[in-house]
Amino acid sequence: MITAPQLEIAVLVLGMVILMFEAFATKIDKRILAYAAIAGLAVVLVATFFVAPTPLPNQATGFWNFYTADRLSIFFKQFALLTTMSVLIMMIDYAPVVRSSFPGSPDGLGEFFAVPVFTCAGLMYLVSAIDFVFIFVSLELVTISFYVLVSFTRRNPLTLEAGVKYLVLSALSTAFLVYGIAWIFGVTGQTNLQRITEALANPNTDHGAALFGMVLVLVALGFKIAAVPFQIWVPDVYQGAPTPVTAYLSVGSKAAGFVVLLRVLQPFLMLPQIQRLLVLIALLTLIYGNLAALPQGNLKRLLAYSSIAHAGYLLIGVVCLDGRAVVFYLAAYLLMTLLSFAVLVIVSQQTGDRISDFDGLGKRSPFLAFAMLIAMASLAGVPFTAGFLGKFFIFYAAVAQRQIVLLVVGVITVGCGFYYYLKVIRAMYWESTAQMDKIPISALSRVAMSALILAIIGLGVYPQPILDALKR
Amino acid sequence: MVLFVIFCPIIAAILIMVGAPARKTALAASGLTLAATLFLLASFQPAQRDFQHVTSFSISPEWHLSFTTGLDGLSLVMVLLAAIVTLAAVWFAGKIDKYENAFYACLLFISGGAIGAFASVDLFFFYAFHELALIPTFLLIGIWGSGNRVAAAWKITIYLAIGSFILLLGLILLYQSLPIASRTFDIRALKAAAALGQISPDAQRHVYLLLLIGFGILISLFPFHTWAPEAYASAPAPAAMLHAGILKKFGLYGLLRLAIPLLPEGARHWTNLLVVLLLGNIIYVGLVTIAQKRLDWMLGYSSVMHMGYIFLGIASTSSLGATGAVVLMFAHGLSIALLFALAGELRKRTGTLVFDELGGLAKMMPFAGLAFGLGAFAAIGLPGFANFAGEIMIFFGAFKNGWEIGRFHIFQIATVLALWGVVISTVYMLRSYRKTFMGALNERWNGLVDLRPGLRVPVALLVGALLCYGFFPQSLVRLVAPAFHTYLSANKEP
C-alpha cells in the first residue's frame, strides 16, 4: 500500500532524475524531458487514488506530526499534479520562445522543464502541512523554484523586471511570515496548529499578541493569494513572466495559499476580529480586482487582475468558512484559467498577447476561439460551466451567513466581470483581421484543451464527483 | 417527448456549429420542435393539475438537485409560444452574409434555452437554461446588429447578467428559507412546503423583493427597462423576435410560477410598489413610445410598455387576472414577433426605419402593409385577437381586487390608468402605421418588392395563432386556469 509522503518523495526523485539526465545527455531534444516529466507525474497522479486518506481532517500521519494526509490534502495533491502536467504541456508549446531568448548559447530548456517538478513537490507538501515550520519550509520550496521560473527568459527586460519584483516582494512577505510565526510561537509555545488551538482555548493566553502574529501571517498569505492590499506585484509579474509560468503562478501558487489559509485560520476562529478583517480584505480585493480589470487591453494583464478578482470571490468563501465552496471554486478556477492560458500561449506566439491580437480568431482558428469562449464564459460565470457552480456555492455560503455587503459588492463585480471577459469574446468574433492563416496546434495541446473544455462543462452540469471527493 | 422538445434545437445548434447546412437544419429542427409541441398539446390532460410527462435525473442527492422536466398547463402554453416564434424567427432569418452557421446556432441556442427554462421543474435548471441565451444574444447583436450595436450589446449583457445574479440570490434565499431536511429546488416540493407554511412571512418578503428586482430587470420593469428598446432596435430581426417574444416572458413566467404559489405574503407586502412601477411601464414608457421617431425604437418601447399590463395581471393576485396575464404573454409574444419581423424586412429593403423617410409603402408592399396592420391591431388589443382576451381578463381581474362600492382602492385606480394605456398604444401604433405605410410614397422607394411568397408562411402562422386564440381564448384558459385555482381561490368577490 502506498502511504501519502511517498508521493512527494517520488516527485522529488523524478525531478532530480530529470535534472541529472539533462546534465549528462546534452545532445537530446530537451522536449523529451518534458514528456518524461508529464509521464512521471501521471504515474504519481494515478497513485494518489490508491492512498487511503486519514479519517479525520488535520490528523497527523508522519514527519513528526508535521504532515497530514486528510481528504483535503489528497485532493489538492491531485490538483497540484494536474496543474503541473498542464503547465508542462504549455511549456512544450512555449519552448521556441525560450530557445529564441538564448541565442548562441546552449539552451536552458532542461531546467525549464525540471524546475516545475520541484514546485509541484513543494505544492504537494504545502497542502499537507499542519505545522508552521513545515508550512514555512514547503512554502519556500515553492517560492524559490518560482524565482527561477519567473525570470527564466532573463534577456527580456520585462521578464527581468518581473523576476526582481517577485524576488523582492516574496522575500518581504516571507519575512512577515517568519515574524508572525515567531509571535505566535512566543505566545503559545507551539508551532503545531492543533496544539496552538488548544493553547488559544486557554483563557490565560495573551490573545492580543496572538492576533498580532496572525495578522502578520495573513499579510504573508495575502501576498501568495494576491489579496488587496498585497497585490501590487501581481500585474507586472504576471505580464512579464513566461506565459506558462504565469499560469502556474495564478493557479498553483494561489491554490496552495488558500489551502494554507484555510488550515491556519482554524485555530484563530475564536477571535472575532479575524473574520472582520477578512471581510474587509475580501471587499477590497473584489472591488480592486474587478475595477482595475475593466480598462485592460493586454490579455495577460487582464488575467492577472482577474486572478485578483477571483481571489476576492474565494475570500468570500473563506469568510463564510465554507471550505468545500472554496475548494470547488479553486477546482473550477484551475480548469478555466489553465484553458485560457493554454490558448494564450499558442495565440501569443503568432500575434501577441493584447486583446486586439485575438481579433478574428473565430474565423482563423475556430477551435482555439471556442476553447477561449468556454474559458471566458466560465470565468464570467455563465451556467452550465464549472465557474458558475463555483460562484453559486460561494454565494450560497454568503447568503447563509447573511453577508449582505459582500453579496451586494459580489453581484456588482460579477457584472464587471461579464464586461471584461466578454471583451475577449468580442475581439474573437466581432472584429476581423487581415491575417487569415490557420494557427497550428500540436496534437497534445489539442487533446489537453479538449479535456479541459469537457471538464468545465461536465463539472458545470454534474458537480457531484468533486463534492464527493471532499465529503468528510 | 419533453426532452426532445428541449434538446432538438440545442442539438441542432451543435450540429450547425460542427458544419451541418445551417438554414435547412435550423428549419427542420424548429419545425420538428413545433410538431412535437403540438403533439404534447394534443395529449395533454388539463383536468390533471400536476406536471405531466415528468422525467428526472438526479444530479446531486446532497443538494436535492435533479434535472427534472415536465409540463403543466402554464408551461405548456409558454413552450407552445416558444416553438411558434422560433419557427417564425428561423424562417424570417433568410440568408446571412457572414458566419451564417454561427447565426443560426445562436438563434437555436436561445430558443432551446428558453424552452428548457419553461419545461424545467427544478428551479436550478429553470435558471441555468435561461442563461444559455446570454452569450448568443451578445454575439447576435454584436456581430449582426445595426445602429448603435456595440453599446446595445454591452448594455443588454451586463443588465441581464446582474439581473440574473440578483435572481440567483433570491432563489438561494428561497432554498435556504426551508428547513434543512426539506431543502430543494423542485417546484412541486416547494409548493408542498409552502402549503405547510414552512416559508416564513419574513423570508417571503425578502425573497419576493429579490425576485421582483431580478426578474424585473429581465422583463424590463420600469425603471430597469432602459436596456430593452436599444437592444431590440439594434438586434437583427430574428434575435429581437426571440428576445421580445420569448425570453422576456421568462421573468413573467418565473413570477407566476414562484410568487403566486410560494410567496403570497411577499406578494401582498410589495403590491403597492409593484403597482406603482407597472404604471410607470404603462403610462411613462407609453408616452415615451409616442415620442419615438424610428419604427424599431417604437416597437422596442412598446414591448416594454406592454409588460405593464402583464404585471398588472400578476399583481392582481386573482385567478382571472393571472390567467389573463398568461393569455396576454402568449399573444404579445406572437404579435411583437410579427411586428419585429416586418420591421426587419423593411430595414433590409430600405436601410432605414426613420418615420420621416418612410411613407406610402403599402402601395409597393401591400402584403407587408396588411400584415403590419394586423400586428398593430393585435398589439393595441382589438377584439378578435388574443391580446384582447388577455387584456380584458387582466382588467376585470385587477378591478375586482379589493373592490368596494363607493370607494376606489389602488387596484381600481391602477386599472383606470392602465385603460388609458390602451389609448396610448392606439396612438403610437396607428401613428407609426400611417407614417410607414400610408401617405405619399417617397420617390426613393419606387422599386421596393413585397414579401416573397415563402415569407408569407410564417406571417400566416403568427397571425393565424393570434386570431385562433383570439376567437377561442377558452382553449388557452382551460389549460392555464387550473394552475392558479388552488392558490387564488380565496380571491373571490367580497
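Quick summary incoming for the structure in this document.

1. Let's talk about the overall build of chain B
Okay, step 1: Looking only at helices and strands, chain B has 21 helices and two strands in total.
Okay, step 2: Computed over its C-alpha atoms, the radius of gyration of chain B comes to 21 Å, within 12% of the 23 Å expected for a compact globule of 494 residues.
Okay, step 3: Principal axes of the C-alpha set define a box for chain B whose edges measure 70 × 60 × 40 Å.
Okay, step 4: Of the contacts made within chain B by residues no fewer than 6 positions apart, 80% connect residues no fewer than 24 positions apart.

2. Comments concerning the overall build of chain A
Okay, step 1: The secondary structure content of chain A amounts to 19 helices and two strands.
Okay, step 2: For 472 residues, the compact-globule formula gives about 23 Å, and the C-alpha radius of gyration of chain A, at 21 Å, lands near that figure.
Okay, step 3: Projected onto its principal axes, the C-alpha positions of chain A cover 70 × 55 × 40 Å.
Okay, step 4: The long-range share in chain A, meaning contacts at least 24 apart out of those at least 6 apart in sequence, stands at 78%.

3. Side note on the interface of chain B and chain A
Okay, step 1: Taken together, the 25 residues of chain B in the interface contact 23 residues of chain A.
Okay, step 2: Of all the secondary-structure elements, those providing two or more residues to the side of chain B that touches chain A are strand 1 (52–60), helix 5 (123–131), helix 6 (134–144) and helix 7 (149–176) of chain B.
Okay, step 3: With 12 residues, helix 7 of chain B is the largest single contributor of residues to the side of chain B that touches chain A.
Okay, step 4: Per-class residue counts for the side of chain B that touches chain A are 19 nonpolar, four polar and two charged.

4. Describing helix 20 (residues 453–471) of chain B
Okay, step 1: Here helix 20 of chain B is 19 residues long and its end C-alpha atoms lie 26 Å apart, about the 27 Å a rise of 1.5 Å per residue gives.
Okay, step 2: Listing the buried residues of helix 20 of chain B in full gives L455, P458, V459, L462, V463, A465, L466, Y469 and G470 of chain B.

5. Focus on the packing of helix 2 (residues 22–42) of chain B against helix 4 (residues 100–119) of chain B
Residues and elements named next belong to chain B.
Okay, step 1: Packing of helix 2 against helix 4 brings their axes to within 9 Å, and their N-to-C directions diverge by 15°. Considered as vectors, helix 2 and helix 4 are oriented roughly parallel to each other. Helix 2 and helix 4 meet at a crossing whose hand is left-handed. Across the interface between the two elements, A22, R23, A26 and A29 of helix 2 pack against E100, N101, Y104, L107 and L108 of helix 4.
Okay, step 2: Partitioned by chemical class, the residues of the contact of helix 2 with helix 4 number six nonpolar, one polar and two charged.

Scoring rules and cut-offs
- Residues numbered from 1 in each chain as written.
- Chains lettered and ligands numbered in written order.
- Predicted model: local features only at pLDDT ≥ 70, side-chain atom pairs only at ≥ 80, totals over all residues.
- Helix = DSSP H or I, 4+ residues; strand = E, 2+ residues; numbered from the N terminus.
- Rg over C-alpha atoms; globule rule 2.2 N^0.38 Å.
- Contact = placed C-beta atoms within 7 Å.
- Nonpolar A, V, L, I, M, F, W, Y, C, P; charged D, E, K, R; others polar.
- Expected span 1.5 Å × (residues − 1).
- Buried ≥ 20, exposed ≤ 12 C-beta atoms within 10 Å, placed from the backbone.
- Axes fitted to C-alpha atoms, helices over the stretch in contact; angles between N-to-C directions.
- Parallel < 35°, antiparallel > 145°, perpendicular 65-115°, else oblique.
- Left-handed = near helix turned anticlockwise from the far one by under 90°.

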